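Close look at the chain arrangement
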Amino acid sequence: MSTAGPSTQDAPRAALGLAPGDWGTGTSDPLARPGQGRRFGAAAPRLDGPAKVRGQAAFAAEFAYPDMVYAALVHSTIAKGRITGLDVADARSAPGVVLVMTHENAPRMNPMPRMLTAPKAAGGDDLPIMQDDRVHWNGQPVAVVLAQTQEQADHAASLIRVTYEQEPATTSWDQAVADGITPGLLFGHPAAQEVGDAEAALRAAPVSVDAIYRTPYQNHAAMEPHATTLKWDGDELIVHDATQAVAHTAWSLAHIFGIAEEQVVVTSPYVGGGFGGKGLWQHQALAAAAARLAGRPVRLALTREAVFRIVGGRAMTEQRVAIGADADGRFTAIVHTGTVASARASALSEPFIASTPHAYRAGSIKLGFDVARLDMVANTFMRAPGAAVGSFALESAVDELAVALGMDPIELRLRNEPETDPMDGRPFSTRHLAQAWREGADRFGWSRRNPVPGAVRDGEWLIGMGCAASSHPYVRMPGGAARITLTRDGRAEVDVAAHDMGMGTATAQTQVIADRLGLEPDRVEFRYGDSRMPGLVMAAGSQQTASIGAAVAAAHRELVAELMKLADDDASPLAGLTPDEVGALDGGLAALDDPDRHETYADILARAGRDQIVAEAAAPPPAEMMNFSMHGFGAMFCEVRVNAVTGEVRVVRFLGSMDCGRIINSRTAASQFRGGIIMGIGLALTEEVLFDERTGRIINPSFSGYHIPVHLDVPEIDLIWTDIPDPHTPMGAIGIGEIGITGTGAAIANAIFNATGKRVRELPITPDKLL
């Protein structure tokens with residue numbers, strides 16, 4: 001087990017060969033092989049760190065244009081109906097006001113292309129954008145004010161008076177379920193899946209558990225509220241946005257305004273957290289429309305309340321998990337079904353069964369969910385969509401079964417480890433979860449756990465330990481592409497329309513590219529966050545590392561092919577070799593079987609009279625995902641103290657024992673794991689968006705009412721990982737941005753049960769549920 005990758009500084013001098021051209025063949029990336037990659041696993045500091053601590057990193061709300069104006073929104077106060085009156089006279093005459101835009105004067109806009117309806121669609125919903133008098137949810141923007149200062153815009157917005165004609169709206173869970181539920185979809189396909197007859201096997205099982213688990217609405221609560229600064233330059237729209245999808249946003253905005261994709265430029269060099277919420281919402285389109293009407297650049301920075309009002313989060317779920325087992329603990333049936341709440345125009349229903357199909361071996365499995373529709377802000381992707389809340393239910397049920405069997409919960413999980421994917425029989429590309437369990441248990445001191453609930457006490461404090469499995473799928477979306485520019489002075493510039501939302505993308509990719517090209521990291525510049533760059537690389541699904549890695553590997557193959565054409569003369573020591581016979585070494589290329597046959601990039605270009613060489617290529621389709629069942633895994637361990645008098649819960653120790661392929665940068669990886677675990681603490685103990693079910697209005701749209709974990713809520717988080725490469729992925733790596741939140745909620749809930757003997761099946765676990 002490792003917390004830092006192995007050093008290869010003393011490895012024999014050898015060239016690094018090309019990555020495979022097709023990731024579905026089973027041929028591994030040379031960077032995934034032991035002993036390759038001088039910088040892999042190194043705790044390299046963030047390249048953007050100095051700019052951020054000096055205040056030199058420009059976020060979306062920090063770009064400025066001459067003659068720029070500031071925007072403020074007015075939100076609806078009803079859930080459904082129509083606007084019958086808009087009194088904007090006082091706002092228009094207020095000091096500094098440049099424009100008041102409503103549906104009465106807004107320019108023609110097409111609905112946002114809703115995410116998942118087209119390869120580049122980025123919209124959170126597909127509702128009309130200020131085109132008519134209709135209201136679809138409580139919080140919908142109904143007016144935009146532009147003024148010379150933000151304070152003037154905010155004041156003028158407060159002067160607008162809106163009257164409505166309300167219509168019956170569905171604003172509660174019970175009402176939505178009573179109105180009728182529909183079968184859910186999992187990324188466009190029916191969610192219902194079944195192997196064998198799980199209900200019959202459950203009835204026949206000697207030991208079983210069958211329970212309902214509930215999770216609430218949640219908000220991404222990113223440190224940086226959504227913001228956009230933009231201007232029209234003739235018919236070209238230039239947007240500086242807080243987004244995790246620059247290329248998708250550019251295409252979607254072009255669709256909204258009926259212009260060519262090339263007429264929209266979106267940049268997003270720095271994003272202060274996204275977690276799935278930094279996509280395309282109505283505010284970007286409204287800012288662009290207002291800027292066009294006013295003929296001036298616009299900055300629209302959402303207030304924290306506005307983020308809650310118009311940006312969706314994680315939806316509510318009600319899940320049934322039932323597990324049947326033989327007397328020795330071997331699972332005979334797993335049932336994971338239930339209902340999710342979803343807005344009528346939402347692109348996503350929270351797929352809580354996402355990780356269950358691959359979790360455990362069982363004689364029969366039944367999965368699926370139904371959807372209940374509400375008139376509310378569109379819910380959307382939030383860190384580990386489905387898996388974060390689904391793992392709470394599944395892993396709590398496994399713990400309950402361990403109690404019923406009188407068996408150690410880790411032993412029960414190990415007894416039901418699958419050898420192949422339980423649903424379709426595909427081989428796992430890699431799975432070392434059993435090793436993560438055993439070594440994590442040893443490091444955490446699991447053997448000291450008292451299995452009797454409520455047996456360990458320290459004064460008023462009840463002490464307990466819990467655990468849970470963690471998993472997240474490997475994802476590599478189609479569309480990755482990269483451009484490499486190699487200059488005569490031996491420097492490389494790599495351009496990809498990718499994103500860095502704080503996870504260290506630029507730092508880790510610079511390490512990869514440096515190894516891939518045989519350069520020192522200070523000779524590499526990784527550029528990203530601009531829709532004019534190659535690639536369709538959304539920062540979602542923990543897929544950026546693989547997507548960028550495959551794209552850069554493809555561009556590198558093209559680059560080496562072009563370099564070898566230039567080196568194909570008697571003056572080059574590489575003459576007569578093919579691209580597959582050479583590899584990167586010491587700022588140039590060398591023969592794989594004879595590293596002394598070496599020539600630097602500078603020498604190759606100088607002899608050819610070239611100042612630079614440019615290679616651009618698209619990554620091959622993600623065939624590896626068809627051939628293998630691919631996931632990252634983890635074993636989560638938690639110790640809590642629960643106050644017997646007040647019900648207060650304190651997480652005092654936490655360990656994540658991770659199995660996520662090869663770790664590229666141990667520092668940024670640890671930050672990602674810890675960040676996910678901290679969000680998992682919030683999921684378990686504090687976070688809940690509260691709706692007034694009479695009106696559909698969010699009643700806690702701020703951090704004073706929506707409680708996220710703070711420093712005193714978070715213990716020191718220990719981390720270890722297997723660092724075993726996946727032989728079927730670029731660099732042998734598996735995405736790690738989301739896995740930390742999965743399993744964490746269940747580990748905490750199971751620790752609370754061990755401490756108190758009280759099984760809480762509804763999140764968040766607040767003190768009132770423990771008294």
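As the structure is a prediction and not an experimental result, all values here were calculated from the model.

**Quick look at the overall build of the protein**
If you tally the helices and strands in the protein, you get 17 helices and 33 strands. Radius of gyration (C-alpha) of the protein: 27 Å, near the 28 Å computed for a compact globule of 771 residues. For the protein, the spread of C-alpha atoms along the three principal axes comes to 85 × 75 × 50 Å. Looking at the 771 residues of the protein, the share that counts as buried comes to 61%. Across the protein, contacts joining residues at least 24 apart in sequence account for 81% of those joining residues at least 6 apart. When the accessible area of the protein is evaluated, it comes to approximately 27,600 Å², of which 51% is carbon and sulfur surface. Distance from the positive charge centre (66 side chains) to the negative charge centre (90 side chains) of the protein: 3 Å.

**Considering the packing of aromatic side chains**
Per the counting criterion, the structure on display carries 13 aromatic pairs. Ring centres of Phe59 and Tyr270 lie 5.7 Å apart, and the angle between their planes is 40°; on these two criteria the pair is classed as tilted. Residue Phe59 is found in the loop between helix H1 (49-53) and strand S1 (69-75), and its partner Tyr270 is found in the loop between strand S14 (264-267) and helix H7 (282-294); the two are separated by 211 residues along the sequence. Assessed through its relative accessible area of 21%, Phe59 is described here as partly exposed.

**Regarding empty space enclosed by the protein**
Per the counting criterion, the structure on display carries four cavities of 30 Å³ or more. Counted as a void, the largest cavity has a volume near 140 Å³. Going through the elements one at a time, helix H9 (387-405) and strand S21 (461-473) are the ones with two or more residues in the lining of the largest cavity. Tallying contributions element by element places H9 first for the lining of the largest cavity, with four residues. Residues of the lining of the largest cavity, tallied by class, amount to seven nonpolar, eight polar and two charged. Estimates place the volume of the second largest cavity at around 100 Å³. Together, 16 residues line the second largest cavity, and Gln218, Gly312, Gly313, Val377 and Phe691 are the ones closest to its centre. For the lining of the second largest cavity, a count of residues per class yields ten nonpolar, five polar and one charged.

**Points about the sheet that holds strand S26 (residues 588-591)**
Across the sheet, three strands lie side by side as S25-S26-S27; this open sheet has antiparallel pairing. Here the strands that pair on one side only, and so sit at the sheet edges, are strand S25 (582-585) and strand S27 (594-600). Taking the axes of each pair of neighbouring strands and ignoring which way they run, one obtains an average angle of 35° across the sheet. One ladder, built from four bridges, connects S26 with S27; its direction is antiparallel. Across the sheet, the residue bridging to Leu589 is Glu599, located in S27. Together, S25, S26 and S27 form the strand contacts of helix H14 (residues 601-608), whose direction differs from that of S27 by roughly 50°.

**Details of the side chain of Arg309**
Positionally, Arg309 belongs in helix H8 (residues 304-310). Residue classification places Arg309 among the buried positions, given a relative accessible area of 5%.

**Brief notes about the sheet that holds strand S13 (residues 236-241)**
One open sheet holds the seven strands; their spatial order is S3-S5-S1-S15-S12-S13-S14, and the pairing between them is mixed. Looking at the sheet topology across the chains shown, the edges are occupied by strand S3 (97-101) and S14. Strand-to-strand, the axes of this sheet are offset by a mean angle of 20°, without reference to chain direction. Sitting on the sheet, helix H3 (residues 150-158) is in contact with S1, S3 and strand S5 (141-147), with an inclination near 25° to S1. Helix-sheet contacts for H7 involve S1, S3, S5, strand S12 (227-233), S13 and strand S15 (298-301), and the interaxial angle to S12 is about 35°.

**Focus: the packing of helix H16 (residues 666-685) against helix H17 (residues 744-756)**
Close contact between H16 and H17 brings their axes to 8 Å; oriented N to C, the two are set at 55°. In terms of orientation, H16 and H17 fall into the oblique class. Our pair here, H16 against H17, has a crossing hand that is right-handed. Taking contact as the criterion, the partners of Ile677, Gly680, Ile681, Leu683, Ala684 and Leu685 in H16 are, on H17, Thr744, Gly745, Ile748 and Ile752. Classifying every residue of the contact of H16 with H17 by side-chain character gives seven nonpolar, three polar and no charged.

**Some thoughts on helix H6 (residues 246-257)**
Between the first and last C-alpha of H6 there are 17 Å, a value that for twelve residues agrees with the 16 Å anticipated at 1.5 Å per step. Most of H6 is tucked away: ten of the twelve residues are buried. Buried within H6 we find Val246, Ala247, His248, Thr249, Ala250, Ser252, Leu253, Ala254, Ile256 and Phe257. Contacts from the buried residues of H6 go to S12, S13, S14 and H7. Just downstream of H6 lies Gly258, where phi reads positive at about 65°.

**Side note on the confidence of the model for the protein**
On average, residues of the protein score 96 in pLDDT, and 98% of them are at 70 or above. Of the regions scoring below 50 in pLDDT, residues 4-11 engages in 14 contacts with residues more than four places distant in sequence or in other chains.

**A few points about unusual backbone geometry**
Between Leu763 and Pro764 the backbone carries a cis peptide bond, its omega angle lying at -5°. Along the chain, the position of Pro764 falls in the segment after H17. Even without glycine at this site, Asp723 takes up a positive phi of about 60°. Structurally, Asp723 is set in the loop between strand S33 (717-721) and H17. Using a relative accessible area of 11% as the deciding quantity, one classes Asp723 as buried.

**Digging into the pairing of strand S17 (residues 331-343)**
For S17, the tally of buried residues reaches 13 of 13 residues, placing the bulk of the element in the interior. With nine bridges joining them, strand S16 (residues 317-325) and S17 adopt antiparallel strand pairing. Its bridge partner being in S17, Glu318 is matched across the sheet by Thr339. Linking S16 to S17, which pair antiparallel, is a turn of five residues; within it Gly329 sits at a positive phi near 95°. Relative to strand S18 (residues 365-367), S17 runs parallel, the two being bridged by three bridges. Paired with Ile334 across the bridge in S18 is Ile365.

**Regarding the pattern of salt bridges**
Applying the stated criterion across every chain, the model contains 39 salt bridges. Linking Glu350 and Arg314 is a salt bridge whose minimum nitrogen-to-oxygen distance equals 3.1 Å. A residue pair is termed long-range when its members are at least 10 positions apart, and Glu350 in the loop between S17 and S18 and Arg314 in the loop between H8 and S16 qualify at 36 residues. Neither residue differs from the other here; Glu350 and Arg314 are each classed as buried. With its nearest N and O atoms 2.6 Å apart, the salt bridge here joins Glu417 to Arg431. Taken together, the positions of Glu417 in the loop between helix H10 (409-415) and helix H11 (433-444) and Arg431 in the loop between H10 and H11 put the pair 14 residues apart, joining distant regions of the chain. Note on accessibility: Glu417 and Arg431 belong to one class, buried. Connected via shared salt-bridge partners are Arg483, Glu493, Asp495, Arg527 and Glu616.

About the criteria used
- Residues numbered from 1 in each chain as written.
- Predicted model: local features only at pLDDT ≥ 70, side-chain atom pairs only at ≥ 80, totals over all residues.
- Heavy atoms only, no water.
- Helix = DSSP H or I, 4+ residues; strand = E, 2+ residues; numbered from the N terminus.
- Rg over C-alpha atoms; globule rule 2.2 N^0.38 Å.
- Buried < 20%, exposed > 50% of the residue type's maximum accessible area, 1.4 Å probe, protein only.
- Contact = heavy atoms within 4.5 Å.
- Areas by Shrake-Rupley, 256 points an atom, 1.4 Å probe, with all protein chains shown as cover.
- Lys, Arg positive; Asp, Glu negative; His and termini not counted.
- Charge placed at Lys NZ, Arg CZ, Asp CG, Glu CD.
- Phe/Tyr/Trp six-rings, centres within 6.5 Å; stacked < 30°, edge-to-face > 60°.
- 1 Å grid on protein atoms, 1.4 Å probe; cavity = no way out; pocket = protein on both sides within 12 Å on 5 of 7 lines; lining within 4 Å.
- Points joined across faces, edges and corners; volume = space filled by probe spheres on them.
- Nonpolar A, V, L, I, M, F, W, Y, C, P; charged D, E, K, R; others polar.
- Pairing = 2+ DSSP bridges.
- Axes fitted to C-alpha atoms, helices over the stretch in contact; angles between N-to-C directions.
- Parallel < 35°, antiparallel > 145°, perpendicular 65-115°, else oblique.
- Left-handed = near helix turned anticlockwise from the far one by under 90°.
- Expected span 1.5 Å × (residues − 1).
- pLDDT = per-residue confidence, 0-100.
- Salt bridge = Lys/Arg side-chain N within 4 Å of Asp/Glu carboxyl O.

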